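As a plain string of letters, each chain reads:
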Amino acid sequence: MNFADNRTRVFVVITFLTFGEAQIIGGIVPNLIVFGLFLGAIGYFA
């Protein structure tokens, strides 16, 4: 595991925390954004 992997994981965690609070207020759009990022993260680390 190199530095880029660690940086990407930190980015994904920060994004999830940011949009995690917004999805209560924002509704379906933040959920779709986070779902897309989640699938992207799975594809990246697989």
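Below is a summary of the structure that appears in this document. Remember, it's a predicted structure, so these values are computed and weren't measured experimentally.

Conventions adopted
Residues numbered from 1 in each chain as written. Predicted model: local features only at pLDDT ≥ 70, side-chain atom pairs only at ≥ 80, totals over all residues. Heavy atoms only, no water. Helix = DSSP H or I, 4+ residues; strand = E, 2+ residues; numbered from the N terminus. Patch = residues over 30% accessible without salt bridge, like charges linked within 9 Å, V, L, I, M, F, W, Y side chains within 5 Å. Areas by Shrake-Rupley, 256 points an atom, 1.4 Å probe, with all protein chains shown as cover. Salt bridge = Lys/Arg side-chain N within 4 Å of Asp/Glu carboxyl O.

Quick look at the environment of R9
With respect to the element layout, R9 can be found in helix 1 (residues 3-26). For the pair formed by R9 and A41, sequence separation is 32 residues and the distance between their alpha carbons is 8.2 Å.

What to know about a nonpolar patch on the surface
A grouping of F11, I28, V29, L32, I33 and L37 is seen on the molecular surface, where their side chains present a nonpolar patch of about 570 Å² in accessible area. Of all the elements, helix 2 (residues 28-45) adds the most residues to the nonpolar patch, at 5 residues. In this structure, L37 sits in helix 2.

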